[in-house]
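Observations on the three-dimensional arrangement
So you can see what is in the structure, the chains are spelled out below.
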Amino acid sequence: MEMLKNTDIIATNIRNLRQATRCQIKILAWACKVTPYFIKKWESGIGEIPEECVRVFARQAVCTYDEFCSRIYSADEIVKARMEREIKITGSLHQRMRKKQNV
């Protein structure tokens, strides 16, 4: 079995991220300050992706830059991680509001 190249892993993760978030290419392109052409190209495993763009993708997938580059995250994993992050954020906000009410 052939080892996946880094670009293949990143390309798969970008596709899975878009699937998980139901994000249109143009929105992802806007977030990375590139044209949709580059997102399509990167999803195909073509071309070198700027580090800052990969960092944007990793944040959206709720993982580190190194994790995003080294293993494939399924769309389901990304959805689950994003939901867990939202639950933590919501819980934290709820606790802050309760503390303010008790003051």
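To be clear, the structure that these remarks concern was listed above.
All of these numbers come straight from a predicted model, not from anything done at the bench. Along each chain, numbering runs from 1 in the same order as the chain's sequence is written. Residue-level local features of this predicted model are given only where pLDDT is at least 70; pairs of side-chain atoms are given and counted only at 80 or more, and the full residue set underlies all totals for whole chains, interfaces and linings. To get the side-chain values, all heavy atoms of the structure are used, and hydrogens and water are removed first.

1. Concerning the side chain of asparagine 13
The way it works is that DSSP assigns letters per residue, a run of H or I at least four long becomes a helix, a run of E at least two long becomes a strand, and they are numbered from the N terminus. By the element assignment, asparagine 13 lies in helix H1 (residues 6-21). Contact criterion: two residues are considered in contact whenever any of their non-hydrogen atoms come within 4.5 Å of each other. The residues contacting asparagine 13, other than those within four sequence positions of it, are Phe68, Arg71, Ile72, Tyr73 and Ile78.

2. Here we look at the nonpolar core
Residues Ile10, Ile14, Ile39, Trp42, Ile49, Phe57 and Phe68 are the most contacted members of the largest nonpolar core, which totals 24 residues. When residues of this core are traced back to their parent elements, those giving at least two are H1, helix H2 (25-32), helix H3 (36-43), helix H4 (51-60), helix H5 (65-70) and helix H6 (75-102). It is H4 that contributes the most residues to this core, five residues altogether. With residues near it in sequence (within four places) discarded, phenylalanine 68 still touches Ile9, Ile10, Asn13, Ile14, Val54, Phe57, Ala58, Ala61, Cys63 and Tyr73. Only buried residues count toward a nonpolar core. Its members are Ala, Val, Leu, Ile, Met, Phe, Trp, Tyr and Cys residues joined through side-chain atoms within 4.5 Å. Burial here depends on accessible area, computed with a 1.4 Å probe over protein chains only, as a share of the maximum for the residue type. Under 20% is buried, over 50% is exposed, and the range in between is partly exposed.

3. Side note on the pattern of salt bridges
Side chains that carry opposite charge are capable of pairing whenever their charged atoms lie near each other. Only one rule defines a salt bridge in this text: a Lys or Arg side-chain nitrogen within 4 Å of an Asp or Glu carboxyl oxygen. Under the defined criterion, the tally for this structure stands at four salt bridges. For the salt bridge of glutamate 52 with arginine 59, the shortest nitrogen-to-oxygen distance reads 3.5 Å. Since its relative accessible area comes to 46%, arginine 59 is described here as partly exposed.

4. Examining H4
Along H4, the positions that sit buried rather than exposed are Cys53, Val54, Val56, Phe57 and Ala58. If you follow the buried residues of H4, they end up packed against H1, H2, H3 and H5. Residue valine 62 follows H4 closely and has a positive phi angle near 60°.

5. Regarding the packing of H2 against H3
In the contact formed by H2 and H3, the axes pass within 8 Å of each other and the chain directions differ by 105°. On the basis of the axis angle, H2 is roughly perpendicular to H3. Here Ile25, Lys26, Leu28 and Ala29 of H2 lie close against H3, whose contacting residues are Pro36, Ile39, Lys40 and Glu43. Basically, the charged four are Asp, Glu, Lys and Arg, the nonpolar ten are Ala, Val, Leu, Ile, Met, Phe, Trp, Tyr, Cys and Pro, and anything else, Gly included, counts as polar. Residue composition of the contact of H2 with H3, by class: five nonpolar, no polar and three charged. To define axes, lines are fitted to C-alpha atoms, for helices over the stretch in contact only, and angles between the resulting N-to-C directions are given on a 0 to 180 degree scale. Roughly parallel means an angle under 35 degrees; roughly antiparallel means over 145; roughly perpendicular covers 65 to 115; every other angle is labelled oblique.

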